[in-house]
Amino acid sequence: MEEFKYLIPEESIDAIMNNVSKLRDIENDLRHIFVEHGYLEVLMPSFEYVELYNDMDIGIDEEKMFQYINYEGKRVALRVDFTVPLARLYSSQKENGEKRYCYFGKVYRKEKRHKGRSSEFFQAGIELLGKAGVAGDLECLELVLETMQCLRLKTLRIEMGSAQFYNRLVEIVDDEKFVNILKRRDLSAMKDFVESHHFDSHLHDLLLMLPQAFGDIQVLYQVQSLIDDPLLKEAIEECIHLYQQSKMKDILTFDLAMTPMMKYYTGIMLKGYSPYSAEPIMNGGRYDKLMNHFQRQVPAIGFSYDLSHILKALEKEEEA
Ligand SMILES: N[C@@H](Cc1c[nH]c[nH+]1)C(=O)O
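Residues numbered from 1 in each chain as written. Predicted model: local features only at pLDDT ≥ 70, side-chain atom pairs only at ≥ 80, totals over all residues. Heavy atoms only, no water.

Heads up, the rule is: UniProt positions are given in the numbering used here, feature names are shortened, and annotations may be inferred rather than shown by experiment.
Labelled according to an unreviewed UniProt entry, the chain appears under the name ATP phosphoribosyltransferase regulatory subunit, originating from Massilimicrobiota timonensis. Here is the UniProt Subunit (unreviewed entry) comment for the chain, exactly as written: "Heteromultimer composed of HisG and HisZ subunits."

Printed below as a string of structure tokens:
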């Protein structure tokens, strides 16, 4: 036992000592902008019932949760996500109006084998509840653009995918193997997959180009010319529409092979990248059906920065 007192469990990374003041500055700048735009800062509890996350089927397996059984015999987990508990908070309020929340804190997601990866993610994010469609998407995109300046990182890129596009495609293709191939962006596996099915020629061509459907607005036009399904069409048209109105055209890349990080996404999905971080420094998206779990129909969108990844990217950028 004696030697353990000098060690930390593999779930932990050691204390962050470099650049903590920088992290606090970034946090404060973000807070300032969020609050200025009407987002109310909330301090969410660290513990939630495991059932809350399970019922929402968010796509984070139970094995990823740090959990224990409390005195009632109920399973309790350390927070694995902010979006779900905030949806619960919203549902406890009477009216369905627009609400803007922001938050700063950690989420805990256990890795099977850590290999130096942390299980703690320091997030700073917002949730915009009750604002539907392009208007809500644009408000969110503008806030991303404005707050990106706070991060002190030089070359940031935003990738946009569509959960509506992805979900509909999964439905049409109707074969579990498809998702795996898409996640790996495996071109030759996709060829074999397409050849072993009898899809119509449009779907056939679309699936073949999908692993590489990554790039500027031309990608959307190219895909648009291949589809006739109304829901797929609608999803692409929404992205085009957003692009036309967005102020981040020069840093925006589309990725139609993007698979949802969280199962609750129903519309656009966003990821922010620095060339100095292997992991996305920002994740977000529209989730119009999550509130249905609370017997409410409320459209919503949000995003969160990962401050730990941002800090690491800053260090690497400085070294370079
Ligand atoms: N909760 C998501 C990010 C997000 C916030 N709002 C919508 N999505 C995550 O942890 O990846």
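That was the structure; now back to the text.
1. Considering the packing of aromatic side chains
For the record, the criterion: Note on aromatic contacts: the rings of Phe and Tyr and the six-membered ring of Trp form a pair at centre separations within 6.5 Å, being stacked when their planes are under 30 degrees apart, edge-to-face when over 60 apart, and tilted otherwise. Only DSSP runs of H or I covering at least 4 residues are called helices, and only runs of E covering at least 2 are called strands; the numbering of each starts at the N terminus. Burial status follows relative accessibility: with a 1.4 Å probe on protein chains alone, a residue under 20% of its type maximum counts as buried, one over 50% as exposed, and anything between as partly exposed.
Counting across every chain of the model gives 10 aromatic pairs. Summarising the aromatic geometry, the rings of Phe34 and Phe104 are spaced 6.1 Å apart at their centres and angled 40 degrees between planes, so their arrangement reads as tilted. On the criterion of sequence distance, the pair formed by Phe34 in helix α1 (residues 20–36) and Phe104 in strand β5 (residues 99–108) is long-range, its members being 70 residues apart. A relative accessible area of 0% means that Phe34 is categorised as buried. Consider the rings of Phe82 and Tyr103, whose centres lie 4.3 Å apart with planes at 20 degrees: the pair is stacked. Pair noted here: Phe82 is in the loop between β4 (75–78) and α3 (83–91) and Tyr103 is in strand β5, with a separation of 21 residues, a long-range link.

2. Some points on the sheet that holds strand β3 (residues 67–69)
Basically, it comes down to this: We treat two strands as partners when DSSP finds at least two bridges between them. Orientation is described by axes fitted as lines to C-alpha atoms, over the contacting stretch for helices, and by angles from 0 to 180 degrees between their N-to-C directions.
Reading across from one edge, β2-β4-β3 is the order of the 3 strands in this open sheet, with antiparallel pairing throughout. In this open sheet, the two edge strands, each paired with only one partner strand, are β2 (47–49) and β3. Each adjacent strand pair in this sheet contributes to an overall mean axis angle of 35 degrees, direction not counted. In terms of strand pairing, β2 meets β4 through 3 bridges, oriented antiparallel. If you follow Glu48 over to β4, its bridge partner there is Ala77.

3. What to know about the pairing of strand β11 (residues 282–286)
The element β11 is largely enclosed, with a buried count of 5 among its 5 residues. The two faces of β11 match: Met282, Gly284 and Arg286 on one face and Asn283 and Gly285 on the other face are all buried. Note: strand β10 (residues 268–273) against β11, 4 bridges, orientation antiparallel. For Lys271, the partnering residue across the bridge sits in β11 and is Asn283.

4. With respect to the sheet that holds strand β9 (residues 252–255)
Note the cut-off: Residues count as neighbours in contact if any of their non-hydrogen atoms are within 4.5 Å of one another.
As summarised here, the arrangement of the 9 strands in space is β1-β5-β6-β12-β11-β10-β7-β9-β8, forming an open sheet in which the pairing is mixed. The sheet is open, and its two edges are formed by β1 (40–41) and β8 (214–215), each paired on a single side. Summarising the sheet, strand β7 (residues 157–162) and β10 pair through 6 bridges and their orientation is antiparallel. Paired with Met160 across the two strands is Leu270, which belongs to β10. Across the sheet, α3 lies against β5 and β6 (120–129), angled at about 140 degrees from β5, the strand it touches most. Relative to the sheet, helix α10 (residues 230–245) contacts β7, β9 and β10, its axis offset from that of β7 by approximately 150 degrees.

5. What about the site of the ligand?
This is how it is decided: Here a residue is near a molecule or strand as soon as one of its heavy atoms is found within 4 Å of it. Polar contact criterion, stated in full: a pair of N or O atoms within 3.5 Å, where within protein one must be able to donate a hydrogen and the other to accept it, and residues adjacent in sequence count only if both atoms are side-chain atoms.
Around the ligand there are 17 residues in total, and Asp81, Thr83, Arg109, Glu127 and Tyr265 lie nearest to it. One of the side-chain nitrogen or oxygen atoms of Asp81 is found 2.7 Å away from a nitrogen atom of the ligand. Elements that contribute at least two residues to the shell around the ligand include exactly β6, β11 and β12 (300–306).

6. Side note on helix α7 (residues 187–195)
Inclusion rule: Starting at the helix axis, one direction is taken to each C-beta atom, and the arc is that of these directions.
Among the residues making up α7, those that are buried are Ala189, Met190, Phe193 and Val194. Viewed along the axis of α7, the buried residues span an arc of 135 degrees, placing them on a single side of the element. Those residues of α7 that are exposed and angled more than 90 degrees off the buried face are Asp192 and Glu195. Where α7 is buried, its residues meet α5 (163–173), α6 (177–184) and α8 (201–209). Near the N-terminus of α7, the side chain that reaches the backbone nitrogen of Ser188, with its oxygen 3.2 Å away, is that of Asp186.

7. Looking at the pattern of salt bridges
The test is simple: Between Lys or Arg on one side and Asp or Glu on the other, a salt bridge is scored when a side-chain nitrogen of the former is within 4 Å of a carboxyl oxygen of the latter.
By the definition in use, this model includes 26 salt bridges. A salt bridge links Arg157 to Glu159, with the shortest nitrogen-to-oxygen separation between them at 2.6 Å. By relative accessible area, Arg157 is classed as partly exposed at 34%. As a salt-bridge pair, Lys177 and Asp175 come within 4.0 Å of each other at their nearest N and O atoms. Through salt bridges that share partners, Arg24, Glu27, Arg31 and Glu41 make up one connected network.

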